[in-house]
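Listed here are the chains, written in short residue letters.
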Amino acid sequence: MNRINYQLRQILFKITYRKKEYVMYIISFYLGLLLPAFCLANIRSVDQVIHFTTFENMDRAVQIDWFSDDFLDMKIEGAKNVSVSGYYEEDFAEWGHQYVPVKGIDECYMYPFPKIKGRMFKNYELKEGKKVCLLNQKYAEKYSYKEGDLVSIHNTDFEIIGFVKDKIYPGILIPYSAMKEVYQSGNGIQFTGMILAGSREDKENIIQKATETILDKDPNAEVIEITDGEELYEMSQATKVKWRALRGAVAVVSILFFLLNEGIVLMEKVKKEQQLFYRSLFWCFLYDSVGLYTEQLTEIVIRLFGKLFFVVKKVIANAERHLHS
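These numbers come from a predicted model, not from an experiment.

### Details of unusual backbone geometry
Negative phi characterises most residues that are not glycine, and trans characterises most peptide bonds.
Here is step 1 of the chain: For His97, which is not a glycine, the phi torsion comes out positive at approximately 55°.
Here is step 2 of the chain: Structurally, His97 can be placed in the loop between strand 2 (79–92) and strand 3 (98–105).
Here is step 3 of the chain: Among the residues examined, His97 registers a relative accessible area of 52% and is labelled exposed.
Here is step 4 of the chain: The residue Asn155 is not glycine, and still its phi comes out positive at about 65°.
Here is step 5 of the chain: Assignment of secondary structure puts Asn155 in the loop between strand 6 (150–153) and strand 7 (156–164).

### A short note on helix 5 (residues 176–183)
Here is step 1 of the chain: Among all positions of helix 5, only Tyr176, Ala178, Met179, Val182 and Tyr183 are buried. Buried residues of helix 5, viewed axially, fall in a sector of 155°; they line one side.
Here is step 2 of the chain: Residues of helix 5 that are buried sit in contact with strand 2, strand 3, strand 6, strand 7, strand 8 (172–175) and strand 9 (189–197).
Here is step 3 of the chain: Positive backbone phi, at 55°, marks Gln184, one or two positions downstream of helix 5.

### A look at the layout of surface pockets
Here is step 1 of the chain: Taken as a whole, the largest pocket holds about 540 Å³ of empty space.
Here is step 2 of the chain: Elements with a minimum of two residues in the lining of the largest pocket: strand 1 (61–68), strand 2 and strand 9.
Here is step 3 of the chain: Here the lining of the largest pocket gets five residues from one element, more than from any other, and that element is strand 2.
Here is step 4 of the chain: Taken as a whole, the second largest pocket spans an internal volume of roughly 250 Å³.
Here is step 5 of the chain: Contributing to the lining of the second largest pocket are 13 residues, with Asp73, Met74, Asp106, Glu107 and Tyr176 lying nearest its centre.
Here is step 6 of the chain: Elements supplying a minimum of two residues to the lining of the second largest pocket: strand 2 and helix 5.
Here is step 7 of the chain: Looking at side-chain class alone, the lining of the second largest pocket contains seven nonpolar, one polar and five charged residues.

### Digging into the pairing of strand 5 (residues 132–136)
Here is step 1 of the chain: The element strand 5 is largely enclosed, with a buried count of five among its five residues.
Here is step 2 of the chain: Burial of strand 5 is two-sided: the residues Val132, Leu134 and Asn136 facing one way and the residues Cys133 and Leu135 facing the other way are all buried.
Here is step 3 of the chain: Relative to strand 8, strand 5 is paired through two bridges, and the arrangement is antiparallel. When the sheet's bridge partners are listed, Leu134 is paired in strand 8 with Leu173.

### Looking at the pattern of salt bridges
Here is step 1 of the chain: For the structure shown, the criterion picks out five salt bridges.
Here is step 2 of the chain: One salt bridge in this structure joins Glu128 and Lys130, with 3.4 Å as the shortest N-O distance.
Here is step 3 of the chain: Classification of Glu128 as exposed rests on a relative accessible area of 51%.

### Some details on the environment of Gln184
Here is step 1 of the chain: Tracing the chain through its elements places Gln184 in the loop between helix 5 and strand 9.
Here is step 2 of the chain: Classification of Gln184 by relative accessible area gives exposed; the value is 56%.
Here is step 3 of the chain: A C-alpha to C-alpha distance of 7.3 Å links Gln184 and Asp70, two positions 114 residues apart in sequence.

What counts and how
- Residues numbered from 1 in each chain as written.
- Predicted model: local features only at pLDDT ≥ 70, side-chain atom pairs only at ≥ 80, totals over all residues.
- Heavy atoms only, no water.
- Helix = DSSP H or I, 4+ residues; strand = E, 2+ residues; numbered from the N terminus.
- Buried < 20%, exposed > 50% of the residue type's maximum accessible area, 1.4 Å probe, protein only.
- Arc of directions from axis to C-beta.
- Contact = heavy atoms within 4.5 Å.
- 1 Å grid on protein atoms, 1.4 Å probe; cavity = no way out; pocket = protein on both sides within 12 Å on 5 of 7 lines; lining within 4 Å.
- Points joined across faces, edges and corners; volume = space filled by probe spheres on them.
- Nonpolar A, V, L, I, M, F, W, Y, C, P; charged D, E, K, R; others polar.
- Pairing = 2+ DSSP bridges.
- Salt bridge = Lys/Arg side-chain N within 4 Å of Asp/Glu carboxyl O.

Okay, structure coming up:
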């Protein structure tokens with residue numbers, strides 16, 4: 001027990017004495033691990049966002065956003081495909097008067113969907129405006145909803161057929177036709193029309209026809225923005241490039257921290273090797289010195305014994321001569 005306490009005290013003393021080195025080592029070690037993990041997670045999330053905000057032939061599309069009190073079934077002559085969606089911030093009293101985005105989509109919706117827990121809308125449900133919905137997973141977990149439960153949207157019950165985890169759809173998705181029936185008019189809904197032209201050259205003509213159709217239906221409608229699909233695609237790609245640059249910078253920083261960590265370990269190793277080297281050098285010097293002195297001392301002792309032997313022999317010879325005489 002005393003030995004363990006002694007070792008613990010020695011470790012604490014060492015950490016206290018060299019705390020700066022240990023702090024740098026810990027920081028560099030964990031940042032060297034966490035930053036690459038952040039890069040990998042970020043790559044996945046950014047690529048998902050790009051995937052769900054682009055679609056095929058987007059360069060031939062035109063997006064029109066407007067506010068209106070009237071729902072519009074947009075039909076544009078010369079357009080290959082037309083999709084209209086509505087967006088409204090609904091006050092959910094049963095959720096503590098929390099404003100939740102409700103989005104209505106039609107059967108021609110062009111953007112890809114993320115993975116859904118449950119099932120996706122069926123085509124006839126979108127066309128006929130069935131009272132079904134997809135709920136964001138966070139609301140399902142917070143208010144304990146499960147598949148098949150009913151949720152009240154603008155005083156109308158909708159059956160939950162699935163759950164969406166992705167942040168691109170943060171609220172509730174319902175069929176556009178059902179939204180038209182439930183909200184009717186006078187609610188100031190934001191609409192988005194995505195129109196796919198036959199060619200890039202037809203886009204200007206499509207924009208003019210779409211704007212006229214909106215204003216003919218509702219003269220008080222406010223056209224917010226008209227965006228070329230090619231511009232939307234370029235914006236998404238620019239976002240991807242920026243995030244890649246950020247990931248590259250983070251990767252470089254993680255490499256630097258890794259090198260710093262390895263440098264600290266290497267310096268510690270070099271110090272230990274230097275200490276071992278100096279100790280070995282000292283003992284070698286001591287051994288050589290003692291060995292040299294031992295050889296010299298042995299030689300002196302041998303010479304002394306030789307001289308002593310000669311003297312003793314001489315004394316004995318003299319004694320014998322005196323006895324004979």
